[in-house]
Amino acid sequence: MIVGKEERCPAFIFLIRILELNFALESKTVMPDLGVNIDHVATVRQARLTYEPDPVWAAVLAELGGADGITLHLREDRRHIQDHDLYTMKKTVQVKLNLEMAAEQEMTAIALEVRPDQVSLVPEKREELTTEGGLDVIANLERVRSCVVQLQEVGIEVSLFIDPDLDQIAAAKNSGVHAVELHTGRYADAVSDDEQQREFEILHRASEFTIEQGLKLHMGHGLTYRNVSKIASIPNVSELNIGHSIISRAVLVGMEQAVREMKALVTL
Ligand code: PXP
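Since this is a predicted model, take the numbers as computed values, not measurements. (Residues numbered from 1 in each chain as written. Predicted model: local features only at pLDDT ≥ 70, side-chain atom pairs only at ≥ 80, totals over all residues. Heavy atoms only, no water.)

**Student:** How should the overall build of the protein be read in this particular structure?
**Tutor:** When helices and strands are counted, the protein shows 12 helices and eight strands. Across the 268 residues of the protein, 45% fall into the buried class. Long-range pairs, those at least 24 residues apart, make up 66% of the contacts in the protein between residues at least 6 apart in sequence. (Helix = DSSP H or I, 4+ residues; strand = E, 2+ residues; numbered from the N terminus. Buried < 20%, exposed > 50% of the residue type's maximum accessible area, 1.4 Å probe, protein only. Contact = heavy atoms within 4.5 Å.)

**Student:** What is the right way to look at helix H5 (residues 105-114) in this model?
**Tutor:** Side chains that are three or four residues apart share a direction in an α-helix, a result of its 3.6 residues per turn. Residues Met-107, Thr-108, Ile-110, Ala-111 and Val-114 constitute the buried set of H5. Buried residues along H5 cover an arc of 160° about the axis, so they all sit on one side. Summarising the contacts, the buried residues of H5 are in contact with helix H4 (83-92), strand S3 (96-101), strand S4 (118-121) and helix H6 (141-153). Positive backbone phi, approximately 60°, marks Arg-115, located one or two places after H5. (Arc of directions from axis to C-beta.)

**Student:** Could you clarify how one ought to interpret the nonpolar core in this entry?
**Tutor:** A general trend in soluble globular proteins is that nonpolar side chains are found buried together. By size, the foremost hydrophobic cluster in this structure holds 69 residues, and its most contacted members are Leu-121, Leu-160, Leu-240, Ile-246 and Met-255. Setting aside residues up to four positions removed in sequence, Leu-121 forms contacts with Met-101, Ala-102, Ala-103, Leu-135, Val-144, Cys-147, Val-148, Val-158, Ser-159, Leu-160 and Phe-161. (Core = buried A, V, L, I, M, F, W, Y, C linked by side-chain atoms within 4.5 Å.)

**Student:** Would you mind showing me how to read the sheet that holds strand S2 (residues 69-73) here?
**Tutor:** Think of a sheet as strands paired side by side through backbone hydrogen bonds, with each pair either parallel or antiparallel. Spatial ordering of the closed barrel is given by S1-S2-S3-S4-S5-S6-S7-S8, a layout of eight strands whose pairing is parallel. Pairs of neighbouring strands in the sheet enclose a mean axial angle of 25°, with direction left out of account. Bridging between strand S6 (residues 179-183) and strand S7 (residues 216-220) involves five bridges; their strand directions are parallel. In the sheet register, Glu-181 faces S7, and the bridge partner there is His-218. In the packing of helix H12 (residues 255-267) onto the sheet, contacts are made with strand S1 (33-37) and strand S8 (237-242), and the angle to S1 comes to roughly 145°. (Pairing = 2+ DSSP bridges. Axes fitted to C-alpha atoms, helices over the stretch in contact; angles between N-to-C directions.)

**Student:** Is there a simple way to explain empty space enclosed by the protein in this structure?
**Tutor:** By rolling a water-sized probe across the atoms, one finds the places where empty space is left. In this structure the tally under the stated criterion is one cavity of 30 Å³ or more. Of the voids in this model, the largest cavity is the one considered here, and its volume is about 40 Å³. Together, Asp-33, Leu-34, Gly-35, Asp-68, Gly-69, Thr-71, Lys-96, Asn-98, Glu-239 and Asn-241 line the largest cavity. Broken down by secondary-structure element, the contributors of at least two residues to the lining of the largest cavity are S1, S2, S3 and S8. The element contributing the most residues to the lining of the largest cavity is S1, with three residues. (1 Å grid on protein atoms, 1.4 Å probe; cavity = no way out; pocket = protein on both sides within 12 Å on 5 of 7 lines; lining within 4 Å. Points joined across faces, edges and corners; volume = space filled by probe spheres on them.)

**Student:** It is not clear to me how the packing of helix H7 (residues 166-175) against helix H9 (residues 193-212) should be interpreted in this structure. Could you clarify?
**Tutor:** What describes two packed helices is the angle between their axes and the distance between those same axes. Interhelical geometry of H7 versus H9 gives an angle of 25° and a closest axis separation of 10 Å. With respect to H9, the axis of H7 lies roughly parallel. For the pair H7 and H9, the sense of crossing is right-handed. Touching Leu-166, Ile-169 and Ala-170 of H7 are Arg-205, Ala-206, Phe-209 and Thr-210, all from H9. Of the residues contributing to the contact of H7 with H9, the split by class is five nonpolar, one polar and one charged. (Parallel < 35°, antiparallel > 145°, perpendicular 65-115°, else oblique. Left-handed = near helix turned anticlockwise from the far one by under 90°. Nonpolar A, V, L, I, M, F, W, Y, C, P; charged D, E, K, R; others polar.)

**Student:** What is the right way to read the pairing of S7 from this model?
**Tutor:** Regular strands have side chains that alternate between both faces of the sheet. Of all five residues in S7, four are buried; the element is thus mostly enclosed. In this sheet, S8 lies alongside S7 in parallel orientation, the contact comprising four bridges. Residue pairing for S8: Leu-217 is matched across the bridge by Val-237.

**Student:** Can you walk me through unusual backbone geometry in this structure?
**Tutor:** Most peptide bonds are trans, and most residues other than glycine sit at a negative phi. Glu-52 connects to Pro-53 through a cis peptide bond whose omega is -5°. Relative to the helices and strands, Pro-53 resides in the loop between helix H2 (39-48) and helix H3 (55-64). Phi at Arg-115 takes a positive value of approximately 60°, unusual for a residue other than glycine. As for its position among the elements, Arg-115 is in the loop between H5 and S4.

**Student:** Can you walk me through the side chain of Gln-168 in this structure?
**Tutor:** Along the polypeptide, Gln-168 turns up in helix H7. Relative accessible area serves as the criterion here: at 11%, Gln-168 is assigned to the buried category. Engagement of the side chain of Gln-168 in a polar contact is seen with the backbone nitrogen of Val-137, the distance being 2.8 Å. (Polar contact = N/O pair within 3.5 Å; in protein donor to acceptor, adjacent residues only side chain to side chain.)

**Student:** I tried to follow a nonpolar patch on the surface on my own but got confused; where do I start?
**Tutor:** A cluster of nonpolar side chains, contributed by Val-60, Leu-61 and Leu-64, occupies part of the molecular surface with about 240 Å² of accessible area. Within the secondary structure layout, Leu-64 lies in helix H3. (Patch = residues over 30% accessible without salt bridge, like charges linked within 9 Å, V, L, I, M, F, W, Y side chains within 5 Å. Areas by Shrake-Rupley, 256 points an atom, 1.4 Å probe, with all protein chains shown as cover. Salt bridge = Lys/Arg side-chain N within 4 Å of Asp/Glu carboxyl O.)

**Student:** Got a minute to help me understand the layout of surface pockets in this structure?
**Tutor:** Computed from the structure, the second largest pocket encloses a volume of approximately 210 Å³. Taken together, His-40, Val-41, Val-44, Pro-53, Asp-54, Trp-57, Ala-58, Leu-61, Ile-247, Ala-250, Val-251 and Met-255 make up the full set of residues lining the second largest pocket. Elements with a contribution of two residues or more to the lining of the second largest pocket: H2, H3 and helix H11 (244-253). Of the residues in the lining of the second largest pocket, the class split is 10 nonpolar, one polar and one charged.

This is the structure we're talking about:
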């Protein structure tokens, strides 16, 4: 005799529900959060050493456009973001505040005072135009670990910006961080479809390894409205940090609109 739905015992139905829920959770695709990097707004302001445009206003508009996080890089030479920007943003920004900084004691002391939600440790050279390569965690493990311990002690999450290299990911895991941000620059700079596909496969493999290590997967650098979708489709990417392309579009269409358009691309 076939047992009708209404005749199944409640325990059986409960078990089915649990299995369905588990399946739904396991097969859930993580939608990447969009972190908007507002450094370039400060770059324009610093070109005239004046008060406008204010990166704090840009952060507010980015939030209105759907940003899940605001990222800013306080550089040792203070070429764009100033200390007061960081302090004001801490009071103003309602979404995740992500501070990019070098793994140095001066910056660690500032982060400990301001308490952003997350710190992303990046390599920093004075002469570079932007962050050029990933942090060499293997060569700097003790210095990195010292920053990580101090930041985590006060509840700040730490991410390391590294190249998509399995040994660097393993070293990042060793340093005790919760996340890595894989450098997408080589993918973004690829000049042919073949080269781009090769770089994409490297990122894909590194992403899988990151997740296997139990780390959160972030990605960023050089991502644009044209090349972001493929990266956003990599399973389990939980955060994308994008600056130059969004600010460039914002100059023409407005900050809120530029963020809204990027958010749509990373969410689909
Ligand atoms: N992630 C990190 C660690 C960065 O240093 C930068 C550049 O400041 C970005 C992401 C954003 O890169 P882009 O400006 O090319 O989008």
